[in-house]
Amino acid sequence: MDIRPAIVRILNKRGVVTREEISEFLSDKPRLTYDPFLLLNMETGVDLILSAIEDGRRICIYGDYDADGITSVALLMDVLTALGTEPAFYIPSRFDEGYGLNCAALDKIKASGIDLVVTVDCGCTSVEEVRHAREIGLDILVTDHHNLKDEIPACPLIDPKQPDCPYPFKQLAGVGVAFKLAQALVETAGLPKEVLTRNLDLVAVGTIGDIVSLLDENRTLTKFGLRALNITRRPGLTKLIEKTGLVKGHLDSGSVSFVIVPHINAAGRMGDATLAARLMLAKDPEKIEALAARILEANSERRRIQEDIYDRCLEYVEEGADFQLICLEDAHEGVTGIVAGKLKEQCRVPVFILTELGDGTAKGTGRSIEGIDVFAMLSEGKELFERFGGHAAACGFTISMDKVPELRELIRKGIDRIKAGLGGMPDGETEADVKLSAGEIDAEFISQQQYLEPFGKDNRRPVVEIEFTPENIFRMGKDGKYLSVRGRMPGGQSIRGVDFRRAEEHQPLLDEAAELGGKVLLRGELEEQEWKGSKYFQINIRGVGRDIDG
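The text that follows walks through the structure, step by step, so that each part is easy to find. Everything numeric here is computed off the predicted structure, so don't read it as measured data.

### Re the layout of surface pockets
The space that makes up the second largest pocket amounts to roughly 530 Å³. Looking at the second largest pocket, it is lined by 19 residues, and the ones nearest its centre are Glu 194, Arg 198, Asp 201, Arg 233 and Arg 234. Of all the secondary-structure elements, those providing two or more residues to the lining of the second largest pocket are helix H4 (67–82), helix H8 (194–197), helix H9 (200–209), helix H10 (216–229) and helix H13 (274–281). Of the residues belonging to the lining of the second largest pocket, the class tally is eight nonpolar, three polar and eight charged.

### Things to note about the nonpolar core
Formed by 76 residues in total, the largest nonpolar core has its most connected members in Ile 49, Leu 181 and Ile 260. Core analysis: the next-biggest nonpolar cluster, separate from the first, contains 35 residues, Val 16, Leu 452, Phe 455 and Ala 503 among them.

### Points about the environment of Glu 528
Within the secondary structure, Glu 528 sits in strand E15 (residues 520–531). In this structure, the C-alpha to C-alpha distance between Glu 528 and Asp 442, residues 86 residues apart in sequence, is 8.7 Å. Residues within four places of Glu 528 in sequence aside, it is in contact with Ala 443, Ile 446, Lys 535, Tyr 536 and Phe 537.

### Remarks on the pattern of salt bridges
All chains considered together, the criterion is met by 31 salt bridges. For Asp 442, the salt bridge identified is with Arg 4, shortest N-O distance 2.9 Å. One end of the pair, Asp 442, is in the loop between strand E11 (434–435) and helix H18 (443–448); the other, Arg 4, is in the segment before helix H1 (5–13), and 438 residues separate them in sequence. The class for Asp 442 is partly exposed, based on a relative accessible area of 23%. Note on Arg 4: relative accessible area 27%, which makes it partly exposed.

### Some thoughts on the packing of aromatic side chains
This structure, assessed with the given rule, holds six aromatic pairs. Look at Tyr 62 and Tyr 90: their rings are 5.3 Å apart centre to centre, the planes differ by 25°, and that puts the pair in the stacked class. Taken together, the residues Tyr 62 in strand E1 (residues 59–63) and Tyr 90 in strand E2 (residues 88–90) connect sequence positions 28 residues apart. Summarising the aromatic geometry, the rings of Phe 375 and Phe 388 are spaced 5.3 Å apart at their centres and angled 10° between planes, so their arrangement reads as stacked. Taken together, the positions of Phe 375 in helix H16 (residues 374–379) and Phe 388 in strand E9 (residues 385–391) put the pair 13 residues apart, joining distant regions of the chain.

### Let's talk about a negative patch on the surface
Together, Glu 307, Asp 308, Asp 311 and Glu 315 give the surface a local cluster of negative charge. Along the chain, Glu 315 falls in the loop between helix H14 (285–314) and strand E6 (324–328). Classification of Glu 315 as exposed rests on a relative accessible area of 63%.

### Some points on the environment of Gly 320
Here Gly 320 lies in the loop between H14 and E6. Gly 320 sits in the exposed class, given a relative accessible area of 76%.

Criteria and cut-off values
Sequence order as written defines residue numbering, which begins from 1 separately in each chain. Residue-level local features of this predicted model are given only where pLDDT is at least 70; pairs of side-chain atoms are given and counted only at 80 or more, and the full residue set underlies all totals for whole chains, interfaces and linings. Here the side-chain values reflect all heavy atoms present in the structure, with hydrogen atoms and water set aside. Cavities and pockets were defined on a 1 Å grid built over protein atoms only: a cavity is a set of grid points that admits a 1.4 Å probe from which the probe cannot escape, a pocket is an open set flanked by protein on both sides within 12 Å along at least five of seven lines, and lining residues are those with an atom within 4 Å of any such point. Grid points are joined across faces, edges and corners, and a volume is the space filled by probe spheres set on the points. In DSSP terms, a helix is any run of H or I states spanning at least four residues, a strand is any run of E spanning at least two, and both are numbered starting from the N terminus. Under this grouping Gly is polar, as are all residues other than the nonpolar Ala, Val, Leu, Ile, Met, Phe, Trp, Tyr, Cys and Pro and the charged Asp, Glu, Lys and Arg. We call a set of buried Ala, Val, Leu, Ile, Met, Phe, Trp, Tyr and Cys residues a nonpolar core when their side-chain atoms join them within 4.5 Å. The cut-offs for exposure are 20% and 50% of the maximum accessible area for each residue type, with area from a 1.4 Å probe on protein chains only; residues under the lower value are buried, those over the upper are exposed, and the others partly exposed. Here, residues are in contact when the closest pair of their heavy atoms is within 4.5 Å. Here, a salt bridge means any side-chain nitrogen of Lys or Arg that lies within 4 Å of a carboxyl oxygen of Asp or Glu. For this analysis, a ring pair means two rings from Phe, Tyr or Trp (six-membered ring only for Trp) whose centres lie within 6.5 Å, classed as stacked if their planes differ by under 30 degrees, edge-to-face if by over 60, and tilted for the remaining angles. Residues enter patches when their relative accessible area tops 30% and they take part in no salt bridge; the joining distance is 9 Å for like charges and 5 Å for the nonpolar side chains Val, Leu, Ile, Met, Phe, Trp and Tyr. Shrake-Rupley sampling with a 1.4 Å probe provides the accessible areas, and residues are treated as covered by the protein chains on show and by no other component. Charge counting follows a simple rule: Lys and Arg are positive, Asp and Glu are negative, and His as well as the terminal groups are ignored. Taken as the charge centre is NZ of Lys, CZ of Arg, CG of Asp or CD of Glu, depending on the residue.

Honestly, that's just the spatial picture; any functional story needs more than this.
Printed below as a string of structure tokens:
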């Protein structure tokens, strides 16, 4: 394979350096994967499940209400069915029960005749809930991928992040851990490998959807998973693909991130995550049609409410603030996380949105920029929260309204410490993966960028930097919200830039350079476009800077 030097430079910057590493990274059939029995407690977990099946005991899969949890549930439901049992599943309500295990749900599960609960994508911090399960006579196996707290549940726990776990890759999604459990079960029980390969479509959806690192074993799982997704015979997933306007055979990580996952998540965000799980498992065409229609309706409603809350939040944005803490009386908590993410991109500071619950408490969600770990920052005041969890880029919590001023001060002090350590506020600017000369930009470079798929966390679509002389600048879109600029690189290469993110911020520098005939540095994603039979190169602008000579 004749790889362009610029592609190699991108790989090197991402830590892919040796010939062997580059070959593995670009391979259509990557081999980087690990023995599932390296996961601590895997043998115990497998024995627990197989013994329950042999003894005729009933099993319930308990999962989270997002795409990762839903695909994990569907995967284990299929594998356990192949093992000769009829498992049940339970997904808690985001609104009435919240994330993870809860005692009331465990009581209902026990009352329905269940003997063993297997969690997916949750449970690693559910110390009290696991204790309750054991007290009422439920066996429990926890599989999860989240960070643990000081105390670990008193049950078999499969989580690569737990202490003393020798598993070499710690960034599996919940569905990745569920798949490793499935591998171990299939191997031990002697089932055909087809039981695993037919579920790789779910692994791709859950892994991409949970925004975990798409390097190492996750890259292997996602590559094979996308291949499986493009030929999936899962009736419900096929129907969702068709109804959203996607086409099998042309699905990539973007199709999953921006279309499939939001629709699956919409079920839980708008009220009933079991809709999506049932769709993944359904076989009856009429049921599939009805479930898919309800999920599309839920996603449309989600988008409408999200836009309304976003507009309301804009009224409370404090210009120039180091963070945004916005309190709303009746915001739909199923979409506040998405809104916080959008505001974070716009303001380039951490954003926290609180929804008052009417009982003196509020549910909060936060999204952060690179360089500010919100989970670590809020952990400094964990005594403020009734419930709290998350990771560096995102967090969720419940807090008493009378403690919100203390929360604001906690965030302020945390950011002040970060600013002092860094010598200023992280600016959130997108650093380029590679600087390109005019001679390096051609259709072959554009094509070879696809060798780096699947794109996602730690393996984003390449951001290039070019020297650029703007010549023709105009606004476009509704109310002139976006910006288009045409110009040239040194040597005469014609390039078009479009800015859908920060047109107001970037235009003054572009105008100045155009007026003086000077150059700027454009950063963004490069692609080839076609209009009326004519092809041209376009950069989707993520940053504009002064040229060092300009």
